[in-house]
Amino acid sequence: MALNRSKSLLKSHLFGACFTWLISSLFYSFQFFLRSSPNAMSHSLMAHFSIGIEEIGWFSAMYFVSYSLLQVPLGVALDVWGPKRILRIGTIICMGGAILFVLSPTFGCALLARMFIGMGAAASFIGSIRMSTLWFSPQYLAFSIGLLSAMGKLGSALAIKILPHLLECGYSWQSVIGFLCVVGTFLTIFVWMFLKNGPQDVFHGVSNRPSWTIIRQESWSVLKKPIVWAMGIYGYSMYLVLSVLSDTYSIKFLSSSLNISTEYAGSLSSWAPIGSAIGASLISFLSDHFKQRKLFLRICSCMTLFISSWIFYGPALPPTIVGVLFFILGVVSSGQILIFAIVAESFPSRLTGISIGITNALLMLGGAIHNPLVGDLLTLRSRYLGGEPELMDYRLAFSSLTVCFLIASIISFFSKETHPSKSPPIAA
């Protein structure tokens, strides 16, 4: 009888863990549709608001600015109040921003809406990771994070592929975003109804009565650790494949350099997040299986540098080959997912939210800084000579990404192994 009861509780816990993970990961996946909209809708947005490609870069960056700035405060909030409350609030703010975007009469209002979308979406990734720490045992943490990342990348791939197709079919960008608002509303209801802080739905924060002194001390104890900065810069660099190339400039780059339609360019560029979705799960699994974090950081960063350089600076290739290279680039760049397991393994469990929040803030700064930077570099020549950006302009602009990939490769050779089987346990 006792054995049957134990099996029943185990099945119930497993179902609850998987169901909770699915809901939180769907929120993370969904926000990619809103995040990728500047890439898919750039022509429509430029025509509607009478703006140029520089403004599209700033529009895309606004999401990453608000997203990044909130990572540390949200990390603290997750450790104090728990992920359920933070994810609930995040979905409301994200959907409010999406609705405001549809109704925006001016570009300034659209920028404000984009900021709110980023603020709400800021809770999706670190909130889901914090939720996983309450439901899954430590040995499955890296794999659960990898699967979470895979869900997000699949959302990004679908967005890049589907959104241009809908626009090609004659739907306005307002209709497309309006439909996403409807889907997001149902998702928000699911988050509010079904998310729980662990099997007992009880969360014990860093303090029953948190004070700013405790929060400041805990945050400082994380900030002064070099591992956070090293992994944050590594993640910043590697994530540029998605936050800048895939999310903002890939469609225009491919359509211009290969002389293909926007829809076809969207199909090719969608292979990067698809590869990242597969790579995030595969690399996190292999990292756990071989009990290696450092080795995979090195392989992934060096391969990202090599493949991206081939795409940016190599000879003209057939579109099919370019699609394959985008897929491989997505796979190897997804090695950045390991930084969250590394950081989580480097701190006591009570500091998981803060440490991951700081790391993710550094990672997401890539989109905030490099989207307008690439936009400025793209138009550097055309400001004086006129005309649309050419291949040489894209090569100049993307050189800023290449430098970052080189920095990530250097960091990987100085990183330390943190897998639990090869490092001493961290005191709780």
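Residues numbered from 1 in each chain as written. Predicted model: local features only at pLDDT ≥ 70, side-chain atom pairs only at ≥ 80, totals over all residues. Heavy atoms only, no water.

1. Brief notes about the pattern of salt bridges
Should the charged atoms of two oppositely charged side chains come close, the side chains can pair. Counted by the stated rule, this structure contains three salt bridges. A salt bridge links R130 to D79; the shortest N-O distance between them is 2.9 Å. Placement of R130 in helix α7 (residues 107–135) and of D79 in helix α5 (residues 71–81) is noted, with a sequence separation of 51 residues between them. R293 is the salt-bridge partner of E345, the closest N and O atoms lying 2.4 Å from each other. Of this pair, E345 sits in helix α17 (residues 338–345) while R293 sits in the loop between α14 (271–289) and α15 (294–313), placing them 52 residues apart in sequence. Its relative accessible area of 17% is what places E345 among the buried residues. By relative accessible area, which is 2% here, R293 ends up buried. (Salt bridge = Lys/Arg side-chain N within 4 Å of Asp/Glu carboxyl O. Helix = DSSP H or I, 4+ residues; strand = E, 2+ residues; numbered from the N terminus. Buried < 20%, exposed > 50% of the residue type's maximum accessible area, 1.4 Å probe, protein only.)

2. A closer look at unusual backbone geometry
Despite not being glycine, S50 shows a phi value in the positive range, around 55 degrees. For S50, the location among the structural elements is in the loop between α3 (42–49) and α4 (53–69). Here N259, not a glycine, exhibits a phi torsion of approximately 55 degrees, which is positive. Note on placement: N259 falls in the loop between α12 (240–258) and α13 (262–269). Note on N259: relative accessible area 70%, which makes it exposed.

3. Examining the packing of aromatic side chains
Enumeration over the complete set of coordinates arrives at 21 aromatic pairs. Judged by centre distance (5.6 Å) and plane angle (75 degrees), the rings of F19 and F194 are edge-to-face. Of this pair, F19 sits in helix α1 (residues 2–35) while F194 sits in helix α9 (residues 173–194), and the two are 175 residues apart along the sequence. Judged by centre distance (5.5 Å) and plane angle (40 degrees), the rings of F59 and F101 are tilted. Here the residue F59 occupies a position in helix α4, and F101 occupies one in helix α6 (residues 83–103), the gap between them amounting to 42 residues. Each member of the aromatic cluster is reached from another via a ring pair, and the members are F49, F59, F101, F107 and W173. Here R114 stacks its cationic end above the ring of F59, 5.2 Å away from the centre of that ring. (Phe/Tyr/Trp six-rings, centres within 6.5 Å; stacked < 30°, edge-to-face > 60°. Lys NZ or Arg CZ within 6 Å of the ring centre and 35° of its normal.)

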